[in-house]
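Analysis of the macromolecular model
One letter stands for each residue in the lines below.
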Amino acid sequence: MIETEEAYAKINLSLDIINKMDDGFHYIRTVMQSISLSDEITVENVPGVGVRAGSIRVGSVRVGSNLPFLPGDERNIAAKAATAFFTYTGIAGYDTLIRINKKIPVCAGLGGGSADGACVLRILDRMFDTRLGFEVLEKIGNSVGSDVPFCVRGGTRLAEGRGELLSELTPIPKCYTVLCKPPVSCSTPELFGRVKCEKIRARPDTDGIVKALGTGDLRGVACRMYNVFEDVLTLGKAEVADIKHKMIDNGALGAVMSGSGATVFGLFDNEADARKAYDKLKPEYKECFLATTVEELGLRT
Ligand code: C5P
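The structure displayed is predicted, hence computed values, not measured ones.

Basis of the calculations
Residues numbered from 1 in each chain as written. Predicted model: local features only at pLDDT ≥ 70, side-chain atom pairs only at ≥ 80, totals over all residues. Heavy atoms only, no water. Helix = DSSP H or I, 4+ residues; strand = E, 2+ residues; numbered from the N terminus. Rg over C-alpha atoms; globule rule 2.2 N^0.38 Å. Buried < 20%, exposed > 50% of the residue type's maximum accessible area, 1.4 Å probe, protein only. Contact = heavy atoms within 4.5 Å. Lys, Arg positive; Asp, Glu negative; His and termini not counted. Charge placed at Lys NZ, Arg CZ, Asp CG, Glu CD. Phe/Tyr/Trp six-rings, centres within 6.5 Å; stacked < 30°, edge-to-face > 60°. 1 Å grid on protein atoms, 1.4 Å probe; cavity = no way out; pocket = protein on both sides within 12 Å on 5 of 7 lines; lining within 4 Å. Points joined across faces, edges and corners; volume = space filled by probe spheres on them. Nonpolar A, V, L, I, M, F, W, Y, C, P; charged D, E, K, R; others polar. Domains from an automatic or database assignment. Core = buried A, V, L, I, M, F, W, Y, C linked by side-chain atoms within 4.5 Å. Pairing = 2+ DSSP bridges. Right-handed = clockwise from strand over helix to strand, strands pointing away. Arc of directions from axis to C-beta. Polar contact = N/O pair within 3.5 Å; in protein donor to acceptor, adjacent residues only side chain to side chain. Axes fitted to C-alpha atoms, helices over the stretch in contact; angles between N-to-C directions.

What the protein contains, in helices and strands, is nine helices and 13 strands. A compact globule built from 301 residues should have a C-alpha radius of gyration of about 19 Å, and the protein, at 19 Å, falls within 12% of that. Expressed as a percentage of the 301 residues in the protein, the buried residues total 53%. Pairs at least 24 residues apart make up 74% of the contacts formed inside the protein by residues separated by at least 6 positions. Seen as two clouds, the 37 positive and the 39 negative side-chain charges of the protein have centres 3 Å apart.

Further remarks concern the packing of aromatic side chains. With the rule as written, the count across this model stands at five aromatic pairs. Taking the centre distance of 5.8 Å and the plane angle of 80° together, the rings of Phe86 and Phe128 count as edge-to-face. Remark: Phe128 occurs in the loop between helix H2 (112–127) and helix H3 (133–142) and Phe86 occurs in helix H1 (residues 77–89); sequence separation between them is 42 residues. Taken individually, Phe86 and Phe128 each receive the classification buried, so the pair is uniform in this respect. Centre to centre, the rings of Phe192 and Phe229 are 4.9 Å apart; their planes meet at 85°, and the pair counts as edge-to-face.

Attention now goes to the layout of surface pockets. Roughly 1,100 Å³ of volume is contained in the largest pocket. What lines the largest pocket is a set of 44 residues, and nearest its centre among them are Ile77, Ser114, Asp147, Thr188 and Ser260. Among the elements of the structure, strand E1 (2–20), strand E2 (26–47), H1, H2 and helix H5 (188–194) are those that each provide at least two residues to the lining of the largest pocket. For the lining of the largest pocket, a count of residues per class yields 19 nonpolar, 18 polar and seven charged. In this structure, the lining of the largest pocket is formed jointly by two domains, domain 1 (2–168) and domain 2 (176–294), each of which donates at least three residues.

A separate point is the nonpolar core. Within soluble globular proteins, side chains that are nonpolar tend to cluster in buried spots. Counting residues in hydrophobic clusters, the biggest one holds 34 residues, and the most contacted among them are Ile41, Val43, Phe86, Ile98, Val120 and Leu124. Contributing elements (two or more residues each) for this core: E2, strand E5 (61–65), H1, strand E6 (94–101), H2, H3 and helix H4 (148–153). Every residue in contact with Val43, bar those within four places of it in the chain, is listed here: Met1, Ile2, Glu3, Thr96, Leu97, Ile98, Val120, Ile123, Leu124 and Met127. Ranked by size, the runner-up nonpolar core spans 31 residues in total, among them Leu15, Val184, Phe229 and Val232.

Time to look at the pairing of E5. Across the five residues of E5, four count as buried, placing the element largely inside the fold. As paired elements, E5 and E6 share five bridges and run parallel to each other. Considered in E6, the bridge of Val61 is made with Thr96. Each parallel crossover has a hand, and the one from E5 via H1 to E6 is left-handed.

Attention now goes to helix H9 (residues 271–281). Restricting attention to buried positions, one finds in H9 the residues Ala274, Ala277, Tyr278 and Leu281. For H9, the angular spread of buried residues about the axis comes to 100°, placing them on one side. Buried-residue contacts for H9 involve strand E9 (176–181), helix H8 (237–249), strand E12 (264–268) and strand E13 (287–292). The backbone nitrogen of Ala272 lies 3.2 Å from a side-chain oxygen of the residue at the head of H9, namely Asn270.

One pass over the full model with this rule turns up one cavity of 30 Å³ or more. What the largest cavity holds in volume is close to 90 Å³. For the largest cavity, the lining is made up of 15 residues, of which Tyr8, Ser34, Cys151, Gly154 and Leu297 are closest to its centre. For the lining of the largest cavity, the secondary structure elements donating two or more residues are E1, H2 and H4. Of the residues belonging to the lining of the largest cavity, the class tally is eight nonpolar, three polar and four charged.

Let's shift gears to the sheet that holds E12. In spatial order, the strands read E11-E12-E9-E13; together these four strands make up an open sheet with antiparallel pairing. Every other strand in the sheet has two partners, leaving strand E11 (254–257) and E13 as the edge strands with one partner each. With direction set aside, neighbouring strand axes in the sheet form an average angle of 20°. As judged from the six bridges shared by E9 and E13, these two strands associate in the antiparallel manner. Each residue of the ladder has a partner; that of Thr177, found in E13, is Ala291. Each of E9, E11 and E12 is contacted by H8, which is oriented at about 10° to E12, the strand it contacts most. H9 contacts E9, E12 and E13 of the sheet and is inclined by roughly 10° relative to E9.

This is how it looks when you write it as structure tokens:
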């Protein structure tokens, strides 16, 4: 059994942190959006001898990719997702090989690892004809990582709590985005650790974004975007500011950092402006991409 599917990256149109919860995680409010930048995931399952776990044999899961530094074991979210699927369903005895053709930059705030994990869940649900559906896959995904539930079906959604409380929103009008990652990597736990909730000075207008989406007002969305992590950046602060300015100067309706960064994206209502901004930024920043927004996935059978 072998199947291939695209795993779409996400951007955060808003990212707000409300408070720190008793479990150490933060209660966030974020409008998330899938985009066409994607990894290609291939999952192959063969009946196998498996590996010993205590007194029983279970299937083995391995991950390979075009990036030699990506872990091939359970440290990789894609492997974690496969193991969580097999644990939930009780399916055992298969050796699973996951191949990732990585195109989404890693440690970039674009949810690449989460997208891969969610994609593995969708593929396995189809392959084994378990018909769990999106809601159950989201629940399994939640045990794997905070952004995985959103990535299961993607589209335009409000995510709250750790990221697992998802509400449907009016899809964003189809538009273009330019993504540009400065050559720094931000640690997500470290950034969360730096945020003092009572001291947050600027916040996105998440409710305003939700309203603007409801009326198809792309400008209204773009002018209300903000990410509270931008205030606590140290590494890459100057580059993030520079990229935001260049996006706006080249026709972006708004520009903001995605997730825990340091990728900045600009939103554009036409391809010509998006291409102009891309052409301006690409010579300076190697990791620069042009993408479109992507709607929620349907269930494939
Ligand atoms: O769930 P995930 O593995 O993506 O989270 C990585 C880290 O980010 C967590 O260990 C936690 O420190 C932090 N985090 C948080 N609040 C969230 C999501 C993540 O504090 N809502």
